[in-house]
Amino acid sequence: MRWNPHEIEDVPPVVLIVDDAPENLAVLHDTLDETGHTVLVALDGEAALARARQAQPDVVLLDAIMPGMDGFEVARRLKADPQTAHIPIIFMTGLTETEHLLQALDAGGVDYVTKPVKPQEVIARMGVHLRTARQVRRGELEQEQARNALDAFGYATMTVRERDGRLMWQTPLARELLWRYCGTQAPETPEPVLQWLRRHVPDVRQGATAPVEPPRLTLSHGPRRLTFRLHRAVGDPADAAPNGEGGEWLIVMQETSDASALQGLMQTFGLTAREAEVLYWVAKGKTNRDIGDILGASPATVKKHLERIHAKLGVETRTAAAAMALQRVPSLSERAAG
């Protein structure tokens, strides 16, 4: 997994998905996340333009038909803006007439996939266009700008040098989070992070031909949690020892909380605030009576909320509802780990 700053093809891409009904793309989102991509979402054209300018994604997956500003207009504006003109755009469309496909290409799209989208097909198409696009995005400056931009979306990054555990680089959000959770500042790497890194790097290196992401580290601070994800080796290969050790490792952090889990349930499934609270506690294994005690409601009221939740999720049992919630809203299942 040794990475050269001039071989950006090895870096998992940042993908911006633009769709006014993101629940229709849940499988695609989950597959991209599981394969190491950083996934950002915009629900309308204006949000897409703003996020593309700020986060500088590697590729945009763009719904063609949306209310208000449609995908064709979004593509034209992205291509007209020097800050985003280089980003490849792949349209997602249910339209198959030649004139619509030509319209997508004329608007600046490099390719299209038809709905319902097939995640593996999307990943394959992205790979083709990313290899071309990244040839013009080489250099450490572009990478640093992209990582800094991720701060705005709750992702913080840092690099740690393996041979001495020195924190070499961090984004502003990473600096804030490390101080809040660990009370440390660069160049000191928090001891739990250092222990976790040294415990799992040998396994990652041995599995370089078929890399498997190691377990994530989670630190707690009251009701909030900070999760660390080991991404890959970075930096100058000259810093590494002949056996491959001694380079730097890129670590991505994200903070979550019970509040974010509730918000995630509401957005993912279209629930009311109270329905989200009920599903949250169902996912935690609580009975209707327990949930009623927690929320100050009767078990009968909780049952009515649960019936509406079942209808919205398209399931028949609380077990199925809990399983779907845990699968689609990862912050529900995060626990402190060492």
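Thresholds applied
- Position numbers for residues start from 1 in each chain and track the written sequence from start to end.
- The predicted origin of the model limits local features to residues at a pLDDT of at least 70 and limits the giving and counting of side-chain atom pairs to 80 or more, whereas totals for whole chains, interfaces and linings rest on all residues.
- Water and hydrogen atoms were dropped before computing side-chain values, which therefore reflect all heavy atoms in the structure.
- Residues grouped as a nonpolar core are buried Ala, Val, Leu, Ile, Met, Phe, Trp, Tyr and Cys residues, joined through side-chain atoms within 4.5 Å.
- For the exposure calls, accessible area comes from a 1.4 Å probe over protein chains only, and a residue counts as buried if that area is under 20% of its type's maximum, exposed if over 50%, partly exposed in between.
- Segments assigned H or I by DSSP are reported as helices when at least four residues long, segments assigned E as strands when at least two residues long, and all are numbered from the N terminus.
- Two residues form a contact once any of their heavy atoms are found within 4.5 Å.
- Every residue gets a pLDDT, meaning the predictor's confidence in that residue, from 0 to 100.
- The term salt bridge refers to a pairing of a side-chain nitrogen on Lys or Arg with a carboxyl oxygen on Asp or Glu at a separation within 4 Å.
- Two strands pair if DSSP finds at least two bridges between them.
- All axes here are fitted lines through C-alpha atoms, helices being fitted over the stretch that makes contact, and every angle between N-to-C directions spans 0 to 180 degrees.
- By this rule the span expected of a helix is its residue count minus one, scaled by 1.5 Å.
- Should an angle fall under 35 degrees it is called roughly parallel, over 145 degrees roughly antiparallel, and 65 to 115 degrees roughly perpendicular, with every other angle called oblique.
- Each residue is assigned to one class: nonpolar for Ala, Val, Leu, Ile, Met, Phe, Trp, Tyr, Cys and Pro, charged for Asp, Glu, Lys and Arg, and polar for all the others, Gly among them.
- To be clear, the arc concerns the directions from the helix axis to the C-beta atoms.
- In protein, a polar contact means a hydrogen-donor-capable atom and an acceptor-capable atom, both N or O and within 3.5 Å, with residues adjacent in sequence counting only if both atoms are side-chain atoms; elsewhere, any N or O pair within 3.5 Å suffices.

**Looking at the nonpolar core**
Across soluble globular proteins, you tend to see nonpolar side chains buried next to one another.
Next, step 1: Val18, Val60, Leu62, Val74 and Phe91 are the most contacted members of the largest nonpolar core, which has 25 residues in total.
Next, step 2: Mapped by element, the contributors of at least two residues to this core are strand E1 (14–18), strand E2 (38–42), helix H2 (45–55), strand E3 (59–63), helix H3 (71–80) and strand E4 (89–93).
Next, step 3: Excluding its chain neighbours within four sequence positions, the residues that come into contact with Val60 are Leu16, Val18, Leu78, Ile87, Pro88, Ile89 and Ile90.

**As for the confidence of the model for the chain**
Next, step 1: Across the chain, pLDDT averages 80, with 79% of residues at or above 70.
Next, step 2: Under a pLDDT of 50 for its full length, residues 1–9 has, in the predicted model, 41 contacts with residues more than four places off or in other chains.

**A short note on the pattern of salt bridges**
Next, step 1: All chains considered together, the criterion is met by 14 salt bridges.
Next, step 2: In this structure, Glu277 engages Arg274 in a salt bridge whose closest nitrogen and oxygen atoms are separated by 2.7 Å. Separated by 3 residues within a single helix, Glu277 and Arg274 lie in helix H10 (residues 273–283), roughly one turn from each other.
Next, step 3: You can call Glu277 partly exposed: its relative accessible area is 26%.
Next, step 4: Across the pair Arg308 and Glu275 runs a salt bridge, and its minimum N-O distance is 3.4 Å. Taken together, the residues span a long stretch of sequence, with Arg308 in helix H12 (residues 299–313) and Glu275 in helix H10 at a distance of 33 residues.
Next, step 5: Residue Arg308 is classed as partly exposed on the basis of its relative accessible area of 40%.
Next, step 6: Here the salt bridges do not stand alone but share partners, grouping Glu46, Glu73, Arg76 and Arg77 into one network.

**With respect to the sheet that holds E4**
Next, step 1: As summarised here, the arrangement of the 5 strands in space is E2-E1-E3-E4-E5, forming an open sheet in which the pairing is parallel. Each edge of the sheet is formed by a strand with only one pairing partner; in this case those strands are E2 and strand E5 (111–114). Across the sheet, the axes of successive neighbouring strands diverge by a mean angle of 20°, strand direction being ignored.
Next, step 2: Summarising the sheet, E1 and E2 pair through 5 bridges and their orientation is parallel. In the strand pairing of E2, Val15 is matched with Val39.
Next, step 3: Contacting E3 and E4, H3 runs over the sheet at an angle of about 175° to E4.

**Some remarks on helix H9 (residues 258–269)**
Next, step 1: Counted at 1.5 Å a residue, the expected span for H9 with its 12 residues is 16 Å, and the 17 Å between its end C-alpha atoms agrees.
Next, step 2: Elements in contact with the buried residues of H9: strand E10 (248–257), H10, H12 and helix H13 (318–328).
Next, step 3: In the segment just after H9, Gly270 is the residue with positive phi, at about 70°.

**Quick word on the packing of helix H11 (residues 288–295) against H12**
Next, step 1: The N-to-C vectors of H11 and H12 enclose an angle of 105°; their axes lie 8 Å apart at closest approach. What the angle tells us is that H11 and H12 run roughly perpendicular. Together, Asn288, Arg289, Ile291 and Gly292 of H11 and Pro299, Val302, Lys303 and Leu306 of H12 make up the contact between the two elements.
Next, step 2: Residues belonging to the contact of H11 with H12 are distributed by class as follows: 4 nonpolar, 2 polar and 2 charged.

**Digging into H3**
Next, step 1: Along H3, the residues classified as buried are Gly71, Phe72, Val74, Ala75 and Leu78. Seen end-on, H3 carries its buried residues on one side only, within an arc spanning 160°.
Next, step 2: At the N-terminal end of H3, a side-chain oxygen is found 3.2 Å from the backbone nitrogen of Phe72, two or three residues along, and the residue is Asp70.

**A closer look at unusual backbone geometry**
Next, step 1: Cis geometry marks the peptide bond from Lys115 to Pro116; its omega dihedral reads -5°.
Next, step 2: Among the structural elements, Pro116 can be located in the loop between E5 and helix H5 (119–133).
Next, step 3: The step from Ala186 to Pro187 runs through a cis peptide bond, and the omega angle for that step is 10°.
Next, step 4: Position of Pro187 among the secondary structure elements: in the loop between helix H7 (172–182) and helix H8 (191–206).
Next, step 5: Unlike most non-glycine residues, Gln56 shows phi in positive territory, near 50°.
Next, step 6: Among the structural elements, Gln56 can be located in the loop between H2 and E3.

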